[in-house]
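Geometric and topological summary
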Amino acid sequence: MSKNKHPILVTIPHGSTFVPVDLRRIMKLTNFQIKKQSDLYTDEIFDVPNAHVIKGRISRLVTDLNRAPDDIEMELRLSNRGVVVSVDIDGNPIYKTPPSIEAIFERVKKYHYVFHEKIEEFKPKVKFMIDGHSMRSVSPVTKPDSGTQRADIVLGNRDFTTCSHIMTRKIMKFFEKKGFSVTINDPFSGKFVIGYHCSRKMFPGIQIELNEKLFMNIKTCRPYKKKVQELKDVMAELVERIS
């Protein structure tokens, strides 16, 4: 166990904006559109010094690390679901020519497996996992609740299968005392990261979604640097509280 670190693992699957050059050439999106698809600044906010942290190193447009590796919907070419999507969160087609099934599996092998293998390596050393994300302040057009205003923070535990009611409420109360509005499993209950790795009794974990309006200009995507640091301090305090 590393010195001064609590037995808490923090995963950040969507913080990266990196797209390899060969894949960038076949994308129709602008650089700004690609940037908007990531959970911007979560790689700073959740990168707390008192926990073990694993960061995704690839844009979710290349491979979504929070989806099952075999979640491939080839019959829906214009889809915003799956481990490799063909439409971005705003409904824009991503590729000039959609990737083949062989190309998708190659990406999964190269990026997805590595990320989740790291989690498995850490699990014997830690007791709880936080999966860190951000979300649009208003639900986008590709979501069933399009146009809906979202809370400041959404906690996901896959209907209490990955985290107990007691721990979930403890985390909820922690954020509420800080002045944040909080919902549980609405509209996000958690996807593959906590669904695959966590269970309420064996290895508990929770997904935390932060409303992007808390820390950045939602039109320009520029960060409010002071707010980013404040949220990072809040996350470090949460790690202390639940350890």
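Attention here is on the structure that accompanies the text.

Quick word on the sheet that holds strand β2 (residues 52–55)
If you trace the six strands from one edge of the open sheet to the other, you get β2-β1-β3-β6-β4-β5, paired in mixed fashion. Pairing within the sheet leaves two strands with one partner each, and these edge strands are β2 and β5 (182–184). On average, each strand axis in the sheet is tilted by 20° relative to the strand beside it, whichever way the strands run. Bridge count for strand β1 (residues 8–12) against β2 is four bridges, and the pairing is parallel. Opposite V10, over in β2, you have V53 as the bridge partner. Across the face of the sheet, helix α7 (residues 225–242) comes into contact with β1, β3 (128–135) and β6 (205–211) while running at roughly 155° to β3.

Quick notes on unusual backbone geometry
The omega angle of the peptide bond from D186 to P187 is 10°, so this bond is cis rather than trans. Within the secondary structure layout, P187 lies in the loop between β5 and α6 (192–197). Non-glycine residue C221 carries a positive phi angle of around 65°. Here C221 is to be found in the loop between β6 and α7.

With respect to the environment of R107
Mapped onto the elements, R107 comes out in helix α4 (residues 101–122). Residue R107 is classed as buried on the basis of its relative accessible area of 5%. Counting along the chain gives 44 residues from R107 to T63, while the straight-line C-alpha distance between them is 6.5 Å. Contacts of R107, omitting those with residues within four sequence positions, involve L23, L61, V62, T63, V84, Y95, P99 and H112.

Observations regarding the packing of helix α5 (residues 165–177) against α7
Pairs of packed helices are described in terms of their axes, by the angle between the two and the distance that separates them. Taken N-terminus to C-terminus, the directions of α5 and α7 make an angle of 145°; their axes are 11 Å apart at the nearest point. Of the two possible hands of crossing, α5 and α7 adopt the one that is right-handed. Only V234, M235, E237, L238, R241 and I242 of α7 make contact with α5, whose side of the interface consists of M167, K170, I171, F174 and F175. Looking at the contact of α5 with α7 residue by residue, the class counts come to eight nonpolar, no polar and three charged.

Here's the deal with the pattern of salt bridges
Applying the stated criterion across every chain, the model contains eleven salt bridges. A salt bridge links K55 to D47, with the nearest nitrogen and oxygen atoms 3.0 Å apart. Across the pair E176 and K173 runs a salt bridge whose closest N-O atoms are separated by 3.7 Å. With E176 and K173 both in helix α5 and three residues apart, this pair spans about one turn of that helix.

Calculation rules
- Residues numbered from 1 in each chain as written.
- Predicted model: local features only at pLDDT ≥ 70, side-chain atom pairs only at ≥ 80, totals over all residues.
- Heavy atoms only, no water.
- Pairing = 2+ DSSP bridges.
- Helix = DSSP H or I, 4+ residues; strand = E, 2+ residues; numbered from the N terminus.
- Axes fitted to C-alpha atoms, helices over the stretch in contact; angles between N-to-C directions.
- Contact = heavy atoms within 4.5 Å.
- Buried < 20%, exposed > 50% of the residue type's maximum accessible area, 1.4 Å probe, protein only.
- Left-handed = near helix turned anticlockwise from the far one by under 90°.
- Nonpolar A, V, L, I, M, F, W, Y, C, P; charged D, E, K, R; others polar.
- Salt bridge = Lys/Arg side-chain N within 4 Å of Asp/Glu carboxyl O.

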